[in-house]
Structures are given as structure tokens and as C-alpha cells.
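Structure at a glance
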Amino acid sequence: MKAIIFDLGGVIVNEMEGWVSKAAAEYYGVPVEVMKQVMDRHEGRRGLAGWDEDVYWTKIGDDLGIARPVRHLFCERYEESAPVIQESIELVKKLRANGYKLAILSNIIKPHIQLARKRGIVDLFDINVFSCDSEVNSKKPEQKIYKICMERLKAKPEECI
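First things first, this report covers the structure right here in the doc. Predicted model only: the values in this text are computed from it and were never measured. (Residues numbered from 1 in each chain as written. Predicted model: local features only at pLDDT ≥ 70, side-chain atom pairs only at ≥ 80, totals over all residues. Heavy atoms only, no water.)

1. Topic: the layout of surface pockets
Put simply, the rule reads: In this analysis a 1.4 Å probe is tested at points of a 1 Å grid over the protein atoms alone, and where it fits but cannot get out there is a cavity; an open set with protein on both sides within 12 Å along at least five of seven lines is a pocket; lining residues have an atom within 4 Å of a point. Grid points are joined across faces, edges and corners, and a volume is the space filled by probe spheres set on the points. The numbering of helices and of strands both runs from the N terminus, where a helix is a DSSP run of H or I of at least 4 residues and a strand a run of E of at least 2. Three categories are distinguished: nonpolar for Ala, Val, Leu, Ile, Met, Phe, Trp, Tyr, Cys and Pro, charged for Asp, Glu, Lys and Arg, and polar for the others, with Gly belonging to the last.
Here the second largest pocket is characterised by a volume of approximately 160 Å³. If you trace the second largest pocket, you find it lined by Leu48, Ala49, Gly50, Trp51, Asp52, Glu53, Asp54, His72, Ile109, Lys110, Pro111 and Cys132. Those elements giving two or more residues to the lining of the second largest pocket turn out to be α3 (53-64) and α7 (110-118). Broken down by class, the residue content of the lining of the second largest pocket amounts to 6 nonpolar, 2 polar and 4 charged.

2. Quick look at the packing of helix α2 (residues 32-42) against α3
When two helices pack together, their arrangement is given by the angle between their axes and by how far apart the axes lie. In plain terms, the rule: Think of each axis as a best-fit line through the C-alpha atoms, taken over the contacting stretch in the case of a helix, with angles from 0 to 180 degrees between the N-to-C directions. Between 65 and 115 degrees an angle is taken as roughly perpendicular, under 35 as roughly parallel, over 145 as roughly antiparallel, and anywhere else as oblique. By convention, the crossing between two helices is left-handed when the near helix turns anticlockwise from the far helix through less than a right angle, and right-handed when the turn is clockwise. Two residues form a contact once any of their heavy atoms are found within 4.5 Å.
Packing of α2 against α3 brings their axes to within 10 Å, and their N-to-C directions diverge by 125°. Relative to α3, α2 is oriented oblique. Viewed along their axes, α2 and α3 form a crossing whose handedness is right-handed. Together, Val34, Met35, Val38, Met39, Arg41 and His42 of α2 and Tyr56, Trp57, Lys59, Ile60, Asp63 and Leu64 of α3 make up the contact between the two elements. Tallied by class, residues from the contact of α2 with α3 come to 8 nonpolar, 1 polar and 3 charged.

3. Looking at the pattern of salt bridges
Our working definition: A pairing counts as a salt bridge when a side-chain nitrogen of Lys or Arg comes within 4 Å of a carboxyl oxygen of Asp or Glu. Under the scheme applied here, a residue whose accessible area is under 20% of the maximum for its type counts as buried, over 50% as exposed, and between as partly exposed, the area being computed with a 1.4 Å probe on protein chains only.
Inspection of every chain in the model, using the stated rule, returns 8 salt bridges. Across the salt bridge formed by Arg41 and Asp63, the nearest N and O atoms sit 3.3 Å from each other. Of the two residues, Arg41 is situated in helix α2 and Asp63 in helix α3; the sequence distance between them amounts to 22 residues. Two residues, Arg96 and Asp126, come together in a salt bridge whose shortest N-O distance is 3.3 Å. Of the two residues, Arg96 is situated in helix α6 (residues 86-97) and Asp126 in the loop between α7 and β3 (127-130); the sequence distance between them amounts to 30 residues. Accessibility expressed as a relative area gives 33% for Arg96, which makes it partly exposed.

4. Concerning the sheet that holds strand β1 (residues 3-6)
Paired through their backbone hydrogen bonds, the strands of a sheet run either parallel or antiparallel. We apply this condition: If DSSP finds at least two bridges between two strands, the strands pair.
Pairing within the open sheet is parallel, and its 3 strands lie in the order β1-β2-β3. The outermost strands of the open sheet, each flanked by one partner alone, are β1 and β3. Between one strand axis and the next, the sheet turns by 20° as a mean value, whatever way the strands run. In terms of strand pairing, β1 meets strand β2 (residues 101-106) through 4 bridges, oriented parallel.

5. Looking at unusual backbone geometry
That bond from Lys140 to Pro141 is cis: its omega, 10°, falls within 30 degrees of zero. Locating Pro141 in the fold gives a position in the loop between β3 and α8 (143-153). Positive phi, close to 55°, is recorded for Lys154, a residue that is not glycine. Counting through the fold element by element, Lys154 comes out in the segment after α8.

6. Comments concerning the environment of Asp52
The criterion, for reference: As used in this structure description, the phrase polar contact means that two N or O atoms lie within 3.5 Å; if the pair is within protein, one of them must be able to donate a hydrogen and the other to accept it, and residues adjacent in sequence are counted only when both atoms belong to side chains.
Mapped onto the elements, Asp52 comes out in the loop between α2 and α3. Look at Asp52 and you get partly exposed, because its relative accessible area is 42%. Placed 67 residues apart in sequence, Asp52 and Arg119 show a C-alpha to C-alpha distance of 21 Å. A polar contact is formed between the side chain of Asp52 and the backbone nitrogen of Val55, at a distance of 3.0 Å.

Keep in mind these values describe shape, not function.
Encoded structure:
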């Protein structure tokens, strides 16, 4: 093994499920189940280059037929709703000390990357591959994002975990 690839959400930070759909349902005045269905329609594009929160929430409002000012619900409470998993940080530091190349490979939006940078998380890794970067513009589980990660790591898939 040469390299170890980590996801950010659910691995390095503990993202609490469902809080965005609940907040959005309340904001738009619709049932949570309706909001989840509408959000699911656009989930494949959220986190890609050109699909920032303004675009995403505009599409949600259009689908619901509800004209409301765009509200950045993914960011409003993200810091408090996504605490750093300290055990994961300690593991990353130990792996780095043992000479492994480390990468983050994540479906993510730019404001969440900014918070990860502010928290010092991004600096712990040699390589960062983020879906929203214009040169990546691909999301897991698409092959393209994994190929980009392997190229940046200068490693073969069988050399990574």
C-alpha cells in the first residue's frame, strides 16, 4: 500500500443526516418527504462545478413552484452540524508519520472546503480531489473522479485503499 484515500463527510467530519432537508422543508413550507424528493432530483449535480448553492436552491424553488430568496441552507449550520471526528484526525496523523500518501476524495461544495481549510483538515493531506473543482467536475461513484485521484497520487488502484 502506497496511499490511503479518505472521504470527508462521515469519515473526517460527522455530518448529521437529514438536517438540511428538514430546514429546507420548514423554509419552503412543505412536508419533509416532499422536500427530500425534490432535493433527490438534483442531488446528482450538487457539488459539481457550476452547481453552487445559488443554482441548487433556485432549482429547488422552481420545482416546488415557490419563489423565495435563495438561502444557503447547506452552509448555515454546517460547522455546528458537522463536527470533526478527532479519532479520524489522529489516525490521519499516524498514517502520515508512517509514510503513507494521503488523499481526500469528496463530493463537496466550495463553502464546505473553505471550512475544512479553516479547521486545518485539508493541510493534513497530500492530495485533495473535490467534485466541485472545475478540473474535476465529477462525483463519486463516477470513474473520472477516482482516475483523477490516482493520477494525482501517482499510484495504481491496487496500491491504494
